[in-house]
Amino acid sequence: MLNIRTSVIGGHLAFQMRRAAAARANECGLQIVTLPQLAARLAGGFTAPLAMEALDLAVQGALAEGGFLELDAVRHLPGMNRAVSRTLRKVWDADIDLRSKPRSGDARLVDLALIEERIRRSLPNATLTPYDLRSAALGRIHHAKRVIGPVTLEGLSWIAPIWRSLVEALSKEVPVEWHAPAHAETEWFAGPVVVGPEDSRTERDASTVSCADPHHEVVESLRWARHLIVSGAAKPHEIAIASAGTMPWDDHFCALAPDAGLRLHFTHGIPALSTRDGQRCAALADVLLHGLNQQRMRRLVSLCRGQGDPLDELPQQWLASLPRGATLARVEDWRRTISSMVLKDPSLDGAQAVLPLVELLTKGISAAREAGHHFLRGRALQLWEAALRTAPPEAIELSLQNARLESENDAADSMVWCSARDLAAAPRPHVRLLGLTNRNWPRRAGGDAILPDHILPAAEFDVDPVAKADRRHFRVILEAASGELVLSRSRRSAQGSRVGRSPLLQDCPESSLSRARIPEHAWNEADRLMARPEDAAKIDRIASADLCWRNWHLASLTRNDGQLDSNHPVIVRAIERVQSPTSLQRLLRDPLGFVWRYGLGWSAPQDREQPLTMAPAEFGKLVHELLRRAVNLLEPQPGYARASDGEIEDALKEAAQTVRETWPLEGHVPPTLLWNNTLDFAASLALVGLLRKEITETGTRSWTEVPFGQPEDFAIERELPWDPRIPVAVPGTPIKLRGTIDRLDLRMDHSAARVTDYKTSEAPKNASRIVINGGAELQRALYGLACRQLLQEDPQIVARLPSST
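Not measured: the values here are computed from a predicted model. (Residues numbered from 1 in each chain as written. Predicted model: local features only at pLDDT ≥ 70, side-chain atom pairs only at ≥ 80, totals over all residues. Heavy atoms only, no water.)

Chemist: How should the pairing of strand 14 (residues 430-433) be read in this particular structure?
Modeler: For a regular strand, the rule is simple: side chains alternate between the two faces of the sheet. Neither face of strand 14 is left uncovered, since the one carrying His-430 and Arg-432 and the one carrying Val-431 and Leu-433 both have all their residues buried. Pairing geometry for strand 9 (residues 239-243) and strand 14, over 4 bridges, is parallel. Within strand 14, the residue paired with Ala-242 across the bridge is Leu-433. Examined bridge by bridge, strand 14 and strand 15 (residues 485-490) share 3 bridges and lie parallel to one another. Bridge pairing in strand 15 places Val-431 opposite Leu-485. (Buried < 20%, exposed > 50% of the residue type's maximum accessible area, 1.4 Å probe, protein only. Helix = DSSP H or I, 4+ residues; strand = E, 2+ residues; numbered from the N terminus. Pairing = 2+ DSSP bridges.)

Chemist: So what exactly am I meant to see when it comes to the sheet that holds strand 10 (residues 264-266) here?
Modeler: Across a sheet, paired strands are connected by hydrogen bonds in the backbone, their directions being either parallel or antiparallel. Read from one edge to the other, the open sheet built from 7 strands follows the order 10-13-9-14-15-8-16, with strand pairing classed as parallel. Among the strands making up the open sheet, the edge pair consists of strand 10 and strand 16 (511-512). Strand direction decides the pairing type here: strand 8 (residues 207-211) and strand 16, joined by 2 bridges, are parallel. Paired with Val-209 across the strands is Ser-511, a residue of strand 16.

Chemist: Honestly, the packing of helix 27 (residues 616-634) against helix 29 (residues 672-691) in this entry has me stumped. Any pointers?
Modeler: Contact geometry for helix 27 and helix 29: axes closest at 9 Å, N-to-C directions at 60 degrees. Accordingly, the angle class assigned to the pair helix 27 and helix 29 is oblique. By crossing handedness, the relation of helix 27 to helix 29 is classed as right-handed. Counted together, Phe-619, Leu-622, Val-623, Leu-626, Leu-627, Ala-630 and Val-631 of helix 27 and Trp-675, Thr-678, Leu-679, Phe-681, Ala-682, Ala-683, Leu-685, Ala-686 and Leu-690 of helix 29 form the full contact between these two elements. (Axes fitted to C-alpha atoms, helices over the stretch in contact; angles between N-to-C directions. Parallel < 35°, antiparallel > 145°, perpendicular 65-115°, else oblique. Left-handed = near helix turned anticlockwise from the far one by under 90°. Contact = heavy atoms within 4.5 Å.)

Chemist: Looking at this model, I keep getting lost on a negative patch on the surface. Mind explaining?
Modeler: Among the surface-exposed residues, Asp-645, Glu-647, Glu-649, Asp-650 and Glu-654 lie close enough to one another that they form a single negatively charged patch. Structurally, Glu-654 can be placed in helix 28 (residues 645-662). (Patch = residues over 30% accessible without salt bridge, like charges linked within 9 Å, V, L, I, M, F, W, Y side chains within 5 Å. Areas by Shrake-Rupley, 256 points an atom, 1.4 Å probe, with all protein chains shown as cover. Salt bridge = Lys/Arg side-chain N within 4 Å of Asp/Glu carboxyl O. Lys, Arg positive; Asp, Glu negative; His and termini not counted. Charge placed at Lys NZ, Arg CZ, Asp CG, Glu CD.)

Chemist: Help me understand the packing of aromatic side chains, please; the structure alone is not making it clear to me.
Modeler: Evaluation of the coordinates by the stated rule reveals 10 aromatic pairs. Centre to centre, the rings of Trp-178 and Phe-189 are 5.8 Å apart; their planes meet at 75 degrees, and the pair counts as edge-to-face. Pair noted here: Trp-178 is in strand 6 (residues 176-180) and Phe-189 is in the loop between strand 6 and strand 7 (193-195), with a separation of 11 residues, a long-range link. Overall, the relative accessible area of 0% leaves Trp-178 in the buried class. Look at Phe-189 and you get buried, because its relative accessible area is 7%. Aromatic rings pair up to connect Trp-178, Trp-188 and Phe-189 into one cluster. Above the face of the Tyr-131 ring, Arg-134 is positioned so that its terminal group lies 5.2 Å from the ring centre. The ring of Tyr-598 carries Arg-597 above its face, with NZ or CZ at 5.3 Å from the centroid. (Phe/Tyr/Trp six-rings, centres within 6.5 Å; stacked < 30°, edge-to-face > 60°. Lys NZ or Arg CZ within 6 Å of the ring centre and 35° of its normal.)

Chemist: Any chance you could explain the pattern of salt bridges here in plain terms?
Modeler: Working definition: two side chains of opposite charge can pair if their charged atoms are close together. Within the structure shown, the criterion is met by 40 salt bridges. The partner of Arg-379 in a salt bridge is Asp-277, and the shortest N-O contact between them spans 2.9 Å. Linking Arg-379 in helix 16 (residues 378-390) with Asp-277 in helix 11 (residues 276-290), this pair joins segments that are 102 residues apart in sequence. The salt bridge involving Asp-723 is made with Arg-725; its shortest N-O contact spans 3.2 Å. A residue is classified by how much of its surface remains accessible, and Arg-725, at 28% relative accessible area, is partly exposed. Each of the salt bridges in this network shares a partner with another, and the network as a whole consists of Glu-220, Arg-223, Arg-517, Glu-520 and Asp-527.

See the structure below:
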């Protein structure tokens, strides 16, 4: 007959390590459980302890029912679910029965008791609250010999009061032995206690170091761990890195550990947003909270397709066919754009299926649950629903930031990054403790959000305050660290403020580590190259970058200053291309920038988010577009020169309405309200320019946005004063020109022409004296040159520079 034994441990890390040890020792008949699991085993049947996720869901349902004396006004606030859950766990740990606790006048306790009762009613029959679970276990304690057997409490430094009566009752039925650290709170336990060696090590026996900030602490931790492994002093499963609270270092470990090639187990779970499933949820939340646009939709589709959702049914190349610059912030914009795509390529007809999904997204965060079922599958959907349970949908971004997923590495064969609480339950010989500052270790205990001191003193229900627990865990970890022990702190916080030493360090001597120091052992390839400049200099890219930096500080011309061969093919190709006024302006005023832009094809990245304002260059294009459309509507009848002010205003209104609908389909525009305001302002500037006709001759006709020097395949869609495909060249040079004249007023007999270069900026004070202004004002000169070459009658040409402001 198999002898049953039970090992009671605390925490996820302790469970994994004890299970691995039992497997290595070939232990049979051993049950490894936590105290709640032990109680559930005694309670029998399918009884299970109340899990955190189930508690959050039950609290959410209890709060949604309302009817509270004090909590009704705040029950919908973000974080309320988490706050109530945290308070209930404290109350249960303290072994407080809320059904008998409320007294007359204690409305908050009455509300909390009502929440607890609603939770009991909502839970499945087999799932019990800690208080009920303990009571059920005590009722079946006489079965302990058969279902539990001898019990060993391993590594527990503290047991909550709610479980103490169970442990005491269990010790009367079966042998119970507590293998406790030296600083464990065992006074209440009457059974045998096996205490570890007391004060085997103290903080004075450790190496104490200070780093620049939390990121630097992580780098030094990885250097230390790699040195232990490479030198043979330790194996990965013997190394632990811990802190009282892990959040300030989590993102750094997530980013740096894979680059170090080290297996690192996150006991508390990895940040969900560092995974693809987390990014799927983040992309969906971004669209629902901040509004629909093309960039957000592209990100959502690229992350979510391939899960077996409706996005997989769309044509493969439908995203590539969307105009890249279009904002597409409305369902109507998407409908018109996709219809245009289908007209050009009938094979994209299946893209119409995205329109119902777009309509769903425009409902905003109120459709969060429905959107989750349409766009997410598997673990991503579970994460999304868990985030919606912990807080209102409006706070889902915060919920996702705090969400965790199980680490992919096993703690039994990996280094661990964990909280001090987890490490105290499963110590390791080689330990590095981070964050030993006056703010982080021990942490300060704040008042409870639901039960402040004036309602129920913290001493009654917060039986293990965080500051007390942090000090106890610190001592337990130090005692168990039989190998190398390093205590680390940062001199500045992640925000850059100065922080002091932890009181736990007392007057320990401290070594200050510089961020730029040469380490004894590098944590990755980049770290090795930084420590060994002679090796780095052998890499061509690094040598080239170093030479560029040195040449930057030399007064003489070098190859890094743009000095190239006179017949370099890149330069020749850039100059031989058909030039525009903009490219010629850059050639004259910024030759190196000309090579970058037109020789190498470099350009500034476009803003991926929907802008709140339009860039000056884009705003200028908007005004020119309004001018072009308005004049085209007036020509040839009644003619811009003969049109009345009212006719001009009507034409401009019609042009503005067309632009209002078409521009969001072609490029980035601000949100709807700001876009309408921007367009109205641009129309007012265009109206000023249009009303400044200064044309008295009845035989004069006007054109706007007149192209010249265009390629042979250029489509002519309207009547123009010349063939826009005729080449235009700068006399005496190989430079060919191409561009668009803002406005051209031409007499019918071609005897005179007036070229207008509109400016949306403030008019210069000496506009009549400006010719090309050192290359900054080339447009009018080049426009005049184009007119002389394209108009056969050699007309008199006048160029002007008005401003619309």
